[in-house]
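Topology and contacts: notes
Now for the letters of each chain:
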Amino acid sequence: MSAAKNQRNGALQGTQAISLPIAGMTCASCAGRVEHALSKIEGVQSVNVNLAAERADIEARGAIKRNDLVRAVEGAGYTVPAGVIDLSVEGMTCASCVGRVERALRAVPGVLEASVNLATEQVRVRGTADIAALITAIGHVGYTAHLIGGGTARYEDAAERKDLERRRLKRDLILAMVLAMPVFLLEMGSHLVPGVHHLIARTIGTQTSWLLQCVLTTLVLAGPGRRFYRAGIPALARRAPDMNSLVAVGTLAAYTYSLVATFAPWLLPAGTVNVYFEAAAVIVALILLGRYLEARAKGRTSEAIKRLVGLQARTARVRRDAQAIEIPIDAVATGDVLEVRPGERIPVDGEVIEGESFVDESMITGEPIPVGKAQGAALVGGTVNQQGALAFRATAVGEATMLAQIIRMVEQAQGAKLPIQALVDRVTMWFVPAVFAVAVLAFGGWLWLGPSPALTYALVNAVAVLIIACPCAMGLATPTAIMVGTGRGAELGILFRKGEALQLLRDARVVAVDKTGTLTEGRPALTDLQVMAGFDRAEVLGRIAAVEDKSEHPIARAIAEAAKQEGLILPSVANFASITGLGVTADVDGVPVQIGADRFMRDLGFDIGVFADTADRLGREGKSPLYAAIGGDLAAIVAVADPIKETTPAAIAALHASGLKVAMLTGDNARTAEAIASQLGIDEVVAEVLPEGKVDAIRRLKREYGGIAFVGDGINDAPALAEADVGLAVGTGTDIAIEAADVVLMSGHLNGVATAIGLSRATISNIRQNLFWAFAYNIALIPVAAGALYPVSGTLLSPVFAAGAMAMSSVFVLGNALRLRGFQVVRGARG
């Protein structure tokens, strides 16, 4: 087997240490079985299987293929879980590059999936393949790759590389323009202004002009233009042409023809002796201009990630040995006690143990109002402390913090491929070879059928076809819009965990929502208190709360909490008694107080008819009223319920305004569910269902309406979140619900749903605009470049104008995608 073939198969040469994750081991005999299977492979010197870590550490000598190790583990009855590897790829310039890299990676043993993002210049590989084999495979098709590290450094390194590339492009662009301008003026000036031709002939002479153009053009091609030949010619030799190949062949054809016309004109047919130095030089300058503008625009598409990374603190003040010391953020450990002063950024996630303050959490939730923090409150790293000093215990550091998870989610969504991209990938894989075929046909057609000088016409039109047909705009159309759209979503507190949700959410026709914790606050609260004439509301609430404070019932706790929130001091209570199924009694400051349902009041001899209208209203709202008697008189009617969130009515209205049906799925009783649905204008209610019942309801709604999105927050919502076309979890919900969802609403409010759907629609619309422009541009202009209009109107497309049009097409697509940065919250749906 050749060395190249060994490399393609992922062979690893020399002494090495290999680590394999292994799933399915349950006991020591499993570990022994895996060790035995691996040790039989030729070249393996030692194997150590760690059952607790579920990992095999292998020492090997010579050529060991990772795939052989994987097969040995699988042969022993266990599996090697597919991992995810992120690589940065340098040298990709167009959609055909993307297809080439993906095809090379999929040929590597152990690769299950490979997805390249041209806009981020990164590739995500899922499988068991070795990193060295992946990098080698990418190298074989003409690109350079390296592993992307972890932590903040990965983003800083990527930004530094892109800044360096931008600086190099700017330098080469300036040099190319300075050198190409005299060439353009000498040649095109002669064509555009008749007097210039005579002026040149009388002064320096035509031949000297051509020699000067030759020198300047050679400097352009050998200097700033060298990047096209370094990448394009090898790609052509591998029979895998890309954009660089198009530019290289086109400019070299014009340059070589001009060299012959300048130094050996006798080799050309009569009437065809012309030079096209200006085409070669100006094409390089214009394409570098397009690349530079493209690089700048690409930088702006990833600003959301940069801003999020910028929110991470660099240092933290940690209590060590009874004093606070400043340490690097990477040195903070879980359990450390940290201090944060007013105006400082909170370095890691934690729980307040001392102090009170307000914290600006808008970077997490999208909500502008600072949140009060006191002992026991949770803090999120990256948020900003306002006026008070706090001490808190670190609960999550490094990659485990919420901010790090948000960055990871946004990055994963930005690197995703939408279903709409599949067609683009299929087309662009064959696009560049097809362009070469069209250029050859154009050259042959003009040479055979064209007017005199046929060779000149053939060359000019073939070069124009090669230059104008670059598929850069096609490759950038989808990923740039995804990057900007998901980045804007993160700024609004909407995290797309999966990029595919961007497209699927647009197709939703019905939004199903959980009730408790999604439409409502998720905890009981005092919603109504009406007192009889002659009673003071605050005094009544204080006495009722004092009695209920002795009970552990959730309704009792809600009443007691309401009194405390109003700042009432609870009076003393004696002789407390609970009467099962009816109510409670006690003496409050010596005055008897009875609290209970209507039957309890009637048994005590009180006429509750005076509250009939109020009780009827509460019943329609799905609330169960309680009554209170104080000092022998009926005093008040009270209702405790799970209150609807303040933002919910506007959120439901925004969904209806977006043309969506809204359904409520809840395990609560039908009367309460119908009452809330009536208040909010919800279209359909499914009540008294268990988690599996919610899944069944989602399947039915999907059959009836089409695409469905489900919004939930609890563990019992996880199956429904997974079953829906798009699952949206409110960020205040459980980790399980968030993990099962495709989109996370960090604000914890339903009002982010309409904004997420609006953003989805805007992003997919933007992608379609980009793809239309990219495809229409090529379909319309390639025939023009080939000379299709010449027989009708005598119109030909100069290679120079072809280069300008090609550059501007990519800039247009990027500029259109950047419009998504201005997307605003859907009306009535802040968050």
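Rules used in this analysis
Residues numbered from 1 in each chain as written. Predicted model: local features only at pLDDT ≥ 70, side-chain atom pairs only at ≥ 80, totals over all residues. Heavy atoms only, no water. Buried < 20%, exposed > 50% of the residue type's maximum accessible area, 1.4 Å probe, protein only. Helix = DSSP H or I, 4+ residues; strand = E, 2+ residues; numbered from the N terminus. Arc of directions from axis to C-beta. Contact = heavy atoms within 4.5 Å. Polar contact = N/O pair within 3.5 Å; in protein donor to acceptor, adjacent residues only side chain to side chain. Salt bridge = Lys/Arg side-chain N within 4 Å of Asp/Glu carboxyl O. Patch = residues over 30% accessible without salt bridge, like charges linked within 9 Å, V, L, I, M, F, W, Y side chains within 5 Å. Areas by Shrake-Rupley, 256 points an atom, 1.4 Å probe, with all protein chains shown as cover. Lys, Arg positive; Asp, Glu negative; His and termini not counted. Charge placed at Lys NZ, Arg CZ, Asp CG, Glu CD. Pairing = 2+ DSSP bridges. Axes fitted to C-alpha atoms, helices over the stretch in contact; angles between N-to-C directions. UniProt positions renumbered as here; feature names shortened; annotations may be inferred.

**A short note on helix H5 (residues 131–140)**
Each full turn of the α-helix corresponds to 3.6 residues, which orients residues three or four apart in the same direction. Those residues of H5 that fall on the buried side of the exposure criterion are Ala 133, Leu 134, Ala 137 and Ile 138. Buried residues of H5, seen end-on, are gathered within an arc of 135° and therefore sit on one face of the element. Where H5 is buried, its residues touch strand E6 (83–90), helix H4 (95–106), strand E7 (111–117), strand E8 (122–127) and strand E9 (144–147). Near the N-terminus of H5, the side chain that reaches the backbone nitrogen of Ala 132, with its oxygen 3.1 Å away, is that of Asp 130.

**Overview of the pattern of salt bridges**
Taken as a whole and judged by the stated rule, the model has 28 salt bridges. In this structure, the salt-bridge partner of Arg 557 is Asp 549, at a minimum N-O distance of 3.4 Å. Take Asp 549: its relative accessible area is 27%, and that puts it in the partly exposed class. As a salt-bridge pair, Lys 564 and Asp 549 come within 3.8 Å of each other at their nearest N and O atoms. Taken as a pair, Lys 564 in helix H22 (residues 554–565) and Asp 549 in the loop between helix H21 (537–548) and H22 lie far apart in primary sequence, 15 residues in all.

**Considering a positive patch on the surface**
A cluster of basic residues, Arg 167, Arg 168, Arg 226 and Arg 230, forms a positive patch at the surface. Looking at the positive patch, the elements that each hand over two or more residues are helix H6 (151–192) and helix H9 (226–237). Secondary-structure assignment places Arg 168 in helix H6. What makes Arg 168 partly exposed here is its relative accessible area of 39%.

**Section: the sheet that holds E7**
One open sheet accounts for four strands, arranged E7-E8-E6-E9; its pairing is antiparallel. With partners counted over all chains shown, the strands left at the sheet margins are E7 and E9, one partner each. Strand-to-strand twist in this sheet, taken as the mean axis angle between neighbours without regard to direction, amounts to 25°. Sheet analysis places E6 next to E8, joined by six bridges and oriented antiparallel. Bridged to Val 84 within E8 is Arg 126. The sheet contacts of H4 involve E7 and E8, and relative to E7 the element is tilted by about 165°. Together, E6, E7, E8 and E9 form the strand contacts of H5, whose direction differs from that of E6 by roughly 30°.

**Considerations on the UniProt feature "transmembrane region" (unreviewed entry) in the protein chain**
UniProt's entry tags residues 173–193, 199–222, 243–267, 273–293, 427–449, 455–478, 771–790 and 796–818 with the feature "transmembrane region" (unreviewed entry), counted in the numbering of this structure. End C-alpha to end C-alpha, residues 243–267 measures 31 Å, and it is 84% helix and 0% strand. Annotated as 85% helix and 0% strand, the span residues 771–790 places its first and last C-alpha atoms 28 Å apart.

**With respect to the environment of Leu 219**
Its location among the elements puts Leu 219 in helix H8 (residues 206–222). A relative accessible area of 45% means that Leu 219 is categorised as partly exposed. Filtering out sequence-adjacent residues up to four positions away, Leu 219 remains in contact with Leu 179 and Pro 224.

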